[in-house]
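Given next are the chains, with one letter for each unit.
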Amino acid sequence: MRRSAVRGVTVATVATALVLGSPLAAQAATYPSDSTEPDLVSLLNGYDQYWTSSGGNDLHGTVNDPATLAKNDQLTSWINQHATTAQQFRALQDAEYDNTARTAYDQSFTVSQGLGAELSKLFVDGRHAGELPLTDALIKSTGGTSGAYVGTGDAKAHYSYPRPYLPSDIAATLPAGDDTANCNPATVNASSLAANRTGKAWADAKGNLTITRVPATTDTTHEFSPNDVVLDAGYGQKGICTGGSYPSGHTTTAYQAGITLATLVPELAPEILARTSEAGNDRIVLGVHYPLDIMGGRIDGEAALAARWSDTQYRTEVLEPARAELTKYLEAECGDTLANCIAAEQPYTDDPYGGQAMPGGTAQVVTDRASAAQVYRERMTYGFAQTGTAGLAPSVPTGASNLLLSTFPTLTDAQREQVLAQTEIASGYPLDQSGTANGSWERLDLAAATSATVAVGADGTAKVVSTGGRARVVSGVLIAPEGTSVQAGKALALAGTGLPAGATLQVVLHSDPAVVGTLTVGADGTATGSVVIPADAAVGEHTLDLVDASGTSVLVSPLAITVTAAPGAGGSTGGTGTASGTGAAGTVPAGVHLPVVSG
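Remember, predicted model here, so these are calculated numbers, not experimental data.

### Things to note about the overall build of the protein
Helix and strand content of the protein: 18 helices and 16 strands. A buried classification covers 56% of the 599 residues belonging to the protein. Restricting to contacts in the protein with at least 6 residues of sequence separation, those with at least 24 account for 73%. Summed over its atoms, the accessible surface of the protein is roughly 21400 Å², and 53% of this surface lies on carbon and sulfur atoms.

Now the structure itself:
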């Protein structure tokens, strides 16, 4: 049992609050969005395609799509059975909720690991020390104005799907220590799923899903709290065993905290979002939720934070001051600019299954930003088949573009919407509502969007050039007016527009970066010249970048070129070149664009 003399809220109290769908500390209506929370039942009704509840909030109902729910079971059992011991401990940490005495912690603390090792420590210490009052009041999972903005009780009651660890066999023995009055398998069970589970490799002969409970433990690391904290998944308590599985309340809370933090520190948004997806996935590790529940929780968090960022008064009076407070604090404690602190940071990493690849997916190992974005995207669908209509046009929900306000402040609302449309996943995966009035929250890939290089054309159109890197907006254009194919050792003519007037820019050849020359920009922002491709350059596809004098800010979207072999010679990487440039205007086709750092 998760109880302690110093704890003001037990897991039973928290679980009950989650089931009832009410934040643990109600907020008085002050801002327009306080009384216009998203309707989660409506946003999540793609689930009706797979399951219809009895309507009695009794965990019974009808299976509508046996294959999808079987996949849901298979993935749940595999994740639960293959998570490492370290991941199980993290899962118990992610299950924790703070209390009124503030002697514990919650998901708004654990998802901060996405900031990196040192910045996360500063964030945690600052909140416990009372140095981040605006941030704390905003993000905390107990009473936070964004962190506890929406609850899932109505949705859980509406869909009323049994949790993975509940037996399908009504004659199963109740584990010792469970609430005998409220968690008895005779009445609290998954018997409606027995037929769909019997004979499956991930269930026993009576249809009970193969799930192992993660035992309670005590967190003595003091990573998120100065106190020892008892961690318990709460399997045998009423609020968990009787509460519907879909959507995940913990995941909803994690995404409310995680997306909040990602918008406060957009420089690390992809990593924070990946850590948030881990918190959701950890509910599967514990065997208390399924992938579809986690996908639903992500949708909840996206819609919730979009509503908050779309509320102008709340944004200017709550979100933006908290962001300023957090940035100032982190820079003061780190002793440098936030950009430099991040550059020196040990980034967030994770290896949940010890390198084992999950069915139909990967091992979900995170080592850097690119892999963080990839893992986030994989967890958007968990490898489910497209059960809806494939090939539909982008379907960005109203207000979703405001989630990118802090990442791309110089873009217009229409341009931010274009970024979301170009980075979202394909239509037809479970819970997709493409083409409806709600739009599709399920398709939004915020990790891709917040790691995008965006080129803005002369007509104002935003084009996503790449993802998985540093979020930036580029307005320069680089072309090869005489063609993009060049022999190794020969000159390639270049022309650029939309560049910093008077600047001398380096021309960098990739893959192995090599400066092959410079271009000098005229007063009108244009430049022409040529660079010599190294004689020993590898034959094949390459790109050219224009970078500023620091060598760090890319000013155009990469120009793709093809290097061919010189007569009688083969190519290999390496070498240097020369270039010349003038301020003369170059002729550049309309619609060609490149990068200039913004976010």
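After that view, the rundown keeps rolling.
### Things to note about helix H16 (residues 369-381)
Counting buried positions over the 13 residues of H16 gives 10, a clear majority of the element. For H16, the secondary structure elements touched by its buried residues are helix H11 (249-264), helix H12 (269-285), helix H13 (291-310) and helix H18 (446-449). N-capping of H16 is provided by Asp368, with a side-chain oxygen placed 3.4 Å from the backbone N of Ala370. Tyr382 sits one or two positions beyond H16 and adopts a positive phi of about 55°.

### Some points on the packing of aromatic side chains
As enumerated under the stated definition, the model contains 11 aromatic pairs in all. Centre to centre, the rings of Tyr47 and Tyr159 are 5.7 Å apart; their planes meet at 80°, and the pair counts as edge-to-face. Taken as a pair, Tyr47 in the loop between helix H2 (40-43) and strand E1 (51-53) and Tyr159 in helix H8 (residues 153-159) lie far apart in primary sequence, 112 residues in all. An identical accessibility class is assigned to Tyr47 and Tyr159; each is buried.

### Focus on the pairing of strand E5 (residues 453-456)
Burial along E5 is two-sided: Thr453 and Ala455 facing one way and Val454 and Val456 facing the other are all buried. As paired strands, E5 and strand E6 (residues 462-466) are joined by 4 bridges and run antiparallel to one another. Across the sheet, Val454 pairs through a bridge with Val464, a residue of E6. Taking the residues that link successive antiparallel strands as the turn, the E5-E6 hairpin has 5 residues, and the phi of Gly460 there is positive, at about 90°. Relative to strand E7 (residues 472-474), E5 runs parallel, the two sharing 3 bridges. Bridging from a neighbouring strand, Ala455 pairs with Val474 of E7.

Cut-offs and rules
- Residues numbered from 1 in each chain as written.
- Predicted model: local features only at pLDDT ≥ 70, side-chain atom pairs only at ≥ 80, totals over all residues.
- Heavy atoms only, no water.
- Helix = DSSP H or I, 4+ residues; strand = E, 2+ residues; numbered from the N terminus.
- Buried < 20%, exposed > 50% of the residue type's maximum accessible area, 1.4 Å probe, protein only.
- Contact = heavy atoms within 4.5 Å.
- Areas by Shrake-Rupley, 256 points an atom, 1.4 Å probe, with all protein chains shown as cover.
- Polar contact = N/O pair within 3.5 Å; in protein donor to acceptor, adjacent residues only side chain to side chain.
- Phe/Tyr/Trp six-rings, centres within 6.5 Å; stacked < 30°, edge-to-face > 60°.
- Pairing = 2+ DSSP bridges.

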